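Here's the letter readout for the chains.
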Amino acid sequence: MNPKSMPKSMRCAAVAAFGAALVTAAVADNGRHREHLPQLTPAQPAPLLGTCEALSGALAALANTTITATTSVAAGTLTLAGAPVPAHCRVVGRMFDRTSPVDGKSYSINFEMRLPLSWNGRFWHQGNGGIDGAVVTATGTLGGGPTTGALMQGFAVLSSDAGHTNAQGGPAFGLDPQARLDYGYQAVGKLTPMAKQTIAAAYGKGPDRSYIGGCSNGGRHTLVAAARYADEYDGYLAGAPGYNLPLAALANIFGAQRYASVATADPSTPPGLGSAYTAAERTTVSNAVLARCDALDGATDGLIQDTRTCQRAFNFMRDVPTCSGVRDGSCLSLAQKIAIEPIYRGATTRNGERFYAGFPYDSGFGAGGIAFWEFTAPLALDSGAVGQIFKVPPVPTVAPTFSLDLDIDATLAQLFATDATYTESAMQFMTPPQATQLHDVRARGAKMLVYHGVSDQIFSVKDTEKWYRGVDHRSGGRAEDFVRFYPVPGMGHCSGGPATDQADFITPLVAWVEQGRAPAALTASARGVGNVGGVNAELPAAWAANRSRPLCPYPSVAFYKGQGDVESASSFVCRAPRGNRRGHGAHDDDGD
Ligand SMILES: [Ca+2]
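Worth saying up front: this structure is predicted, and the values here are computed from it rather than measured. (Residues numbered from 1 in each chain as written. Predicted model: local features only at pLDDT ≥ 70, side-chain atom pairs only at ≥ 80, totals over all residues.)

On to the overall build of the chain. A count of helical and extended segments in the chain gives 17 helices and 17 strands. Expected size for 592 residues packed as a compact globule is a radius of gyration near 25 Å; at 24 Å, the chain falls within 12% of this value. Every one of the 592 residues in the chain was classed for burial, and the buried ones make up 52%. For the chain, the share of sequence-separated contacts (at least 6 apart) that also reach a separation of at least 24 residues comes to 70%. (Helix = DSSP H or I, 4+ residues; strand = E, 2+ residues; numbered from the N terminus. Rg over C-alpha atoms; globule rule 2.2 N^0.38 Å. Buried ≥ 20, exposed ≤ 12 C-beta atoms within 10 Å, placed from the backbone. Contact = placed C-beta atoms within 7 Å.)

As structure tokens, this is what we get:
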């Protein structure tokens, strides 16, 4: 039947079906072309050779490395979601001891490795969050509610402090140029061969397959590794990758200054800064977004799956109630709207040039994690990070109020600046060089999974979306051959918020790398009462404790099938967003 001869309602249905068929066809097409990429062979398990304690002798020959302990850890000493982590050997050490000629302090790259007695043949490099500075236990877990983890699954896992310890003064390490470079990328480069040699000494062979993953700054480490160390890794798992971290930090300061302009209490403290935009007011905004956008995906369920169509449907100035009298949480004053709306649009210079992505309107703004990132972080974290780690030149000391008084335009230039002491700018050492140029990753047969909370207010999902589009463009529209990107509606930074924020990304990544099974929809679940991986206190009361949803590979989104249990992922299907099905371009995003 000629579509033009159909009744209009039938034409709409046909167009909708065609949109769904396009996604399917792309996957089938992808399957055909994927044969041209190398298929990596699966890892083969092996047992730890000898005793853990005896391993220290074999490791004495490692270059630039001091091993300080090799200790047997019995099964169950660590647990994950209540289950015992299998027996393993913990190796503790440090690399490249040195004294800084700039600040006179001692620096090393401290690390630990956890080597399962029963090893799956794989290496997992755990990227840690924040400004690093601590050797987080090498369990290889991600996010806030994982029930899986690399160590649990038999990987040999490495974790490091990336070359400085927070005990020495937090962001003050940024005064030392080499510590900046180690934090940015060089610690990963130095640790990787050492870790592989340690694995070879422990098991009689190096890792068959190597992976790197983490969330936030750990996601940044992962994307940096893809750009700089593509010859070392087969699989990448990047959560909320702050791959433009210096710009995101400055954008957060931009936001703090906007909030400070309408704060009703002293903005130099987090509660005072938060008086600009209270939890009740943020919930009012989320509810206004939900009123416009919740049903776009076919289910009025407290989740906005079709994020991009929502950005066209929702208008902050129009749809958020404007207070006619005093602020009571149910409205925003006009002054608040004028101050806050540019934060969602994206941070700009005085001339209006946007230097970081905007943040999409979503359902998760009332959550507690948002308050931390919006009102505490600018004072407690961004002041030190921008002032001491990212700026050239740095400032010797920073007060929490440093960010409130900062000249945004001048500082933006300093993020790209170098001098005789600091020979790489923050944008050079922190970000992936040519972030979207991943030819070596693709050609190797390596694969990448990326996920990002849509309500994340520190690193924007729009920035990650922009990156994915760039990768897609540079790979001839075939990014999905080796990269899949999963936005997580409602989720805050790495976890939390009104979201199904618990999913196993490791198993599908390994299946893709080693078996060639490309992931489609992944199933995520809520962490309600009784969840073994920890309870998410921010779940709406109306949700089932174990609500599940498909996480859909971008650009597809989850739509309700029109029947079936609304709490179950099986009642949803991944399809092209509404705008695309109506023929609107997918590339109308205002976030770049
Ligand atoms: Ca919905």
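What follows deals with the packing of helix α3 (residues 177–203) against helix α4 (residues 217–228). At a minimum axis separation of 10 Å, α3 and α4 run at an interaxial angle of 65°. Between α3 and α4, the angle is such that the two are roughly perpendicular. Read as a crossing pair, α3 and α4 show a hand that is right-handed. Seen from α3, the contacting residues are Y185, V188 and G189; seen from α4, they are H221, V224, A225 and R228. Considering only residue class, the contact of α3 with α4 consists of 4 nonpolar, 2 polar and 1 charged. (Axes fitted to C-alpha atoms, helices over the stretch in contact; angles between N-to-C directions. Parallel < 35°, antiparallel > 145°, perpendicular 65-115°, else oblique. Left-handed = near helix turned anticlockwise from the far one by under 90°. Nonpolar A, V, L, I, M, F, W, Y, C, P; charged D, E, K, R; others polar.)

Reading across from one edge, β2-β5-β6-β9-β8-β10-β11-β12-β13 is the order of the 9 strands in this open sheet, with mixed pairing throughout. Each edge of the open sheet carries a strand with a single partner, namely β2 (65–73) and β13 (483–488). Here the strands of the sheet are splayed against their neighbours by 15° on average, with no regard to which way each runs. Inspection of the sheet shows strand β5 (residues 88–99) paired to strand β6 (residues 106–116) by 10 bridges, in the antiparallel sense. Residue pairing across strands places T99 opposite S106, the latter belonging to β6. The strands touched by α3 within the sheet are β2, β5, β6, β8 (122–127) and β9 (156–160), with β6 carrying the most contacts at an inclination of about 40°. (Pairing = 2+ DSSP bridges.)

This next bit is on the domain arrangement of the chain. Domain annotation for the chain reports domain 1 (47–207) and domain 2 (247–411). Between domain 1 and domain 2, the C-alpha centre-to-centre distance is 36 Å. Of the residues lining the interface, 7 residues belong to domain 1; the matching set on domain 2 comes to 5 residues. Here the side of domain 1 that touches domain 2 is built from residues that sort into 4 nonpolar, 2 polar and 1 charged. (Domains from an automatic or database assignment.)

This part covers the environment of F314. With respect to the helices and strands, F314 occurs in the loop between α8 (307–313) and α9 (316–319). Note on F314: 22 C-beta atoms within 10 Å, which makes it buried. Along the backbone, F314 and A288 are 26 residues apart, and their C-alpha atoms lie at a distance of 8.3 Å. Discounting chain neighbours no more than four positions away, the residues touching F314 are V289, R292, C293, D319 and Y361.

Our focus in this paragraph is unusual backbone geometry. Most peptide bonds are trans, and most residues other than glycine sit at a negative phi. Between V392 and P393 the backbone carries a cis peptide bond, its omega angle lying at 0°. The omega angle of the peptide bond from Y554 to P555 is 10°, so this bond is cis rather than trans. Positionally, P555 belongs in the loop between β15 (548–551) and β16 (557–560). Phi is positive for F96, which is not a glycine, with a value near 55°. Mapped onto the secondary structure, F96 falls in strand β5. By the C-beta count within 10 Å, which is 18 here, F96 ends up partly exposed. Look at A240: it is not a glycine, yet its phi comes out positive at around 35°. Given 31 C-beta atoms within 10 Å, A240 falls into the buried group.

Moving on, we come to α4. For α4, built from 12 residues, the straight-helix expectation of 16 Å at 1.5 Å per residue is met to within 8% by its first-to-last C-alpha distance of 16 Å. Burial analysis of α4 places 10 of its 12 residues in the buried class, the great majority of the element. The complete set of buried residues in α4 reads N217, G218, G219, R220, H221, T222, L223, V224, A225 and A226. (Expected span 1.5 Å × (residues − 1).)

What follows concerns the packing of helix α5 (residues 245–260) against helix α12 (residues 408–415). Packing of α5 against α12 leaves a shortest axis separation of 11 Å and a crossing angle of 170°. Compared by their axis directions, α5 and α12 come out roughly antiparallel. Facing α5, whose interface residues are P246, L247, L250, I253 and F254, α12 presents I408, T411, L412 and L415. Of the residues in the contact of α5 with α12, the class split is 8 nonpolar, 1 polar and no charged.

Another aspect to go through is the pairing of strand β11 (residues 235–239). Burial within β11 is extensive, with 5 of its 5 residues counted as buried. Across the two faces of β11 the burial is the same, with G235, L237 and G239 and Y236 and A238 all buried. As paired elements, strand β10 (residues 209–215) and β11 share 5 bridges and run parallel to each other. If you follow Y211 over to β11, its bridge partner there is G235. Each parallel crossover has a hand, and the one from β10 via α4 to β11 is right-handed. (Right-handed = clockwise from strand over helix to strand, strands pointing away.)

Moving on: the confidence of the model for the chain. Looking at the chain, the pLDDT average stands at 92 and 91% of residues meet or exceed 70. Contacts from residues 1–35, a stretch scored under 50 in pLDDT, to residues over four places away or in other chains number 27 contacts. Under a pLDDT of 50 for its full length, residues 582–592 has, in the predicted model, 16 contacts with residues more than four places off or in other chains. (pLDDT = per-residue confidence, 0-100.)

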